[in-house]
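For reference, the chains in residue letters:
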Amino acid sequence: MASQDWFEKDFYKVLGVSKEVSDADLKKTYRKLARQYHPDSKPGDAAAEAKFKEISEAYAVLSDPEQRAEYDQIRAMGSGARFTAGGPGAGGFEDVFSAFGQGRGGGRYESADFDDIFAMFNQQQGGSFGSGRFGQPTGGFRGFGGPTRGADVTARTTIDFVTATKGETITLQGEDGKPFKVKIPAGVADGQRIRLRGRGRPSPDGGENGDIVVQVTVRPHPVFTREGLNLRVVVPVTFTEAALGATIEVPTLGGDPVKLRVAPGTPSGRVLRVKGRGVATQKGTGDLLAEVQVVVPSHLEGAAREALERFHEVEPKENPRADLMAKARG
């Protein structure tokens with residue numbers, strides 16, 4: 001998203017939390033809202049899909065400590081400020097996250113205006129602002145009498161979870177107005193930096209161009225998380241499914257559900273592995289890890305309660321906490 005937009009969007013208000021919200025409460029609130037507005041739960045509801053994108057955008061910024069601190073500082077300044085960065089022999093940049101037309105792909109809920117897009121570096125004269133994350137010239141050196149290398153330029157972009165796992169080729173617009181393509185590799189990690197060699201500042205005296213160094217932020221997914229090349233999903237099962245065994249459906253990322261067998265007596269926390277349904281990269285393919293979570297009924301009435309009471313009368317009488325108590329006593 002454009003850094004200038006941070007003046008105009010109240011991410012705390014979008015999520016309905018205070019500015020002092022803890023990381024844990026922020027995550028809890030986001031997950032609740034994501035489940036409520038996820039397009040899969042409200043198919044065809046354009047308003048719900050727009051709200052889902054809005055809360056995902058807000059959480060992507062506030063869940064990152066650096067971006068959250070930066071956002072708070074920017075909002076405290078009030079609207080109307082511009083971001084510039086400069087250095088010896090180089091001008092500044094204004095609105096460095098702006099106006100890149102992207103050919104989007106690899107994800108159902110992506111669009112060109114969904115989030116901060118790769119920076120378009122519009123030159124202007126100016127001084128530096130803060131840490132210079134919004135288009136900061138960082139490189140540039142003079143060798144032993146040789147020409148000066150052009151300055152590197154840093155930028156940020158946020159992509160959705162599906163794009164990060166599957167990769168895509170996007171089109172950026174350079175300072176000269178000419179488009180060029182950049183490949184985002186499958187499996188790019190949150191916080192990873194991609195170096196675009198020769199796309200930075202030109203040398204003032206005929207040397208090599210600098211680079212553009214793009215730091216990628218990956219927006220969290222409401223269902224899946226990543227562990228290297230593996231994907232993890234928490235799958236709720238009923239008490240009877242866990243106790244008696246069952247065949248259940250488990251979602252996959254961007255594909256059809258798969259069926260898994262839950263063995264009788266499966267406890268909460270057991271992980272079922274689906275080979276080859278994780279993140280696929282040139283270095284290998286991960287697995288899908290389905291973590292079973294036993295859901296206990298919150299209300300029992302009538303025949304169901306009577307049946308469970310009869311089961312309680314005949315169930316094994318060993319104390320499941322006996323070993324715990326023995327170890328606690330030392």
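Residues numbered from 1 in each chain as written. Predicted model: local features only at pLDDT ≥ 70, side-chain atom pairs only at ≥ 80, totals over all residues. Heavy atoms only, no water.

Observations regarding the sheet that holds strand β6 (residues 193-196)
Applied cut-off: A pair of strands counts as paired when DSSP detects no fewer than two bridges linking them. Helix and strand definitions follow DSSP, with helices as H or I runs of at least four residues and strands as E runs of at least two, each counted in order from the N terminus. Lines fitted to the C-alpha atoms define the axes, with helices restricted to the stretch that makes contact. Angles between their N-to-C directions range from 0 to 180 degrees.
Read from one edge to the other, the open sheet built from 3 strands follows the order β3-β7-β6, with strand pairing classed as mixed. For this open sheet the edge positions go to β3 (153-159) and β6, each flanked by a neighbour on one side alone. Looking at each pair of strands side by side, their axes are set apart by 25° on average, direction ignored. Here β3 pairs with strand β7 (residues 212-218) via 7 bridges, running parallel. Each residue of the ladder has a partner; that of alanine 155, found in β7, is valine 214.

Points about the side chain of threonine 266
Where we set the bar: Each residue is assigned to one of three classes by its accessible area relative to the maximum for its type, calculated with a 1.4 Å probe on protein chains only: buried under 20%, partly exposed between the two thresholds, exposed over 50%. Polar contacts, as counted here, are pairs of nitrogen or oxygen atoms within 3.5 Å of one another; within protein the pair requires one atom able to donate a hydrogen and one able to accept it, and residues that are adjacent in sequence qualify only if both atoms are side-chain atoms. Only heavy atoms matter for contacts: two residues are in contact if any of them lie within 4.5 Å across the pair.
Along the chain, the position of threonine 266 falls in the loop between β11 (255-262) and β12 (271-274). Residue classification places threonine 266 among the buried positions, given a relative accessible area of 5%. A distance of 2.5 Å separates a polar atom in the side chain of threonine 266 from the backbone oxygen of alanine 263. Threonine 266 has contacts with Ala242, Val292 and Val294, leaving out every residue within four places of it along the chain.

Side note on the packing of helix α2 (residues 23-37) against helix α3 (residues 46-62)
Cut-off, in case you're wondering: Any angle between 65 and 115 degrees counts as roughly perpendicular, while under 35 counts as roughly parallel, over 145 as roughly antiparallel, and the rest as oblique. Here a crossing is taken to be left-handed if its near helix is turned anticlockwise relative to the far helix by less than a right angle, and right-handed if that turn runs clockwise. In this count, Pro and Cys sit with the nonpolar residues alongside Ala, Val, Leu, Ile, Met, Phe, Trp and Tyr, while Asp, Glu, Lys and Arg are called charged and the others, Gly among them, polar.
Two numbers describe how α2 lies on α3: the axes approach to 9 Å, and their chain directions differ by 160°. Of the possible angle classes, the one that applies to α2 and α3 is roughly antiparallel. The way α2 lies across α3 gives a crossing that is left-handed. Contact residues: α2 offers Leu26, Lys27, Tyr30, Leu33, Ala34 and Tyr37, while α3 offers Ala48, Glu49, Lys51, Phe52, Ile55, Ser56, Tyr59 and Leu62. The class makeup of the residues in the contact of α2 with α3 is 10 nonpolar, 1 polar and 3 charged.

A closer look at helix α8 (residues 322-329)
Within α8, only 0 of the 8 residues are buried, leaving the element largely exposed. Of the residues one or two after α8, glycine 330 is the one with positive phi, at around 75°.

A look at the pattern of salt bridges
Quick reminder of the rule: By definition here, a salt bridge exists when the distance from a side-chain nitrogen of Lys or Arg to a carboxyl oxygen of Asp or Glu is within 4 Å.
All chains considered together, the criterion is met by 14 salt bridges. For the salt bridge of aspartate 152 with arginine 149, the shortest nitrogen-to-oxygen distance reads 2.9 Å. Like aspartate 152, the residue arginine 149 is buried in the burial classification. Of the charged contacts in the structure, one is a salt bridge between arginine 232 and glutamate 291, with a shortest N-O distance of 3.0 Å. Within this pair, whereas arginine 232 is found in strand β9 (residues 230-238), its partner glutamate 291 is found in strand β15 (residues 288-295), the two being separated by 59 residues in sequence. With relative accessibility at 25%, the residue glutamate 291 sits in the partly exposed group. Each of Arg149, Asp152, Arg195, Arg197 and Asp211 takes part in one network of salt bridges that share partners.

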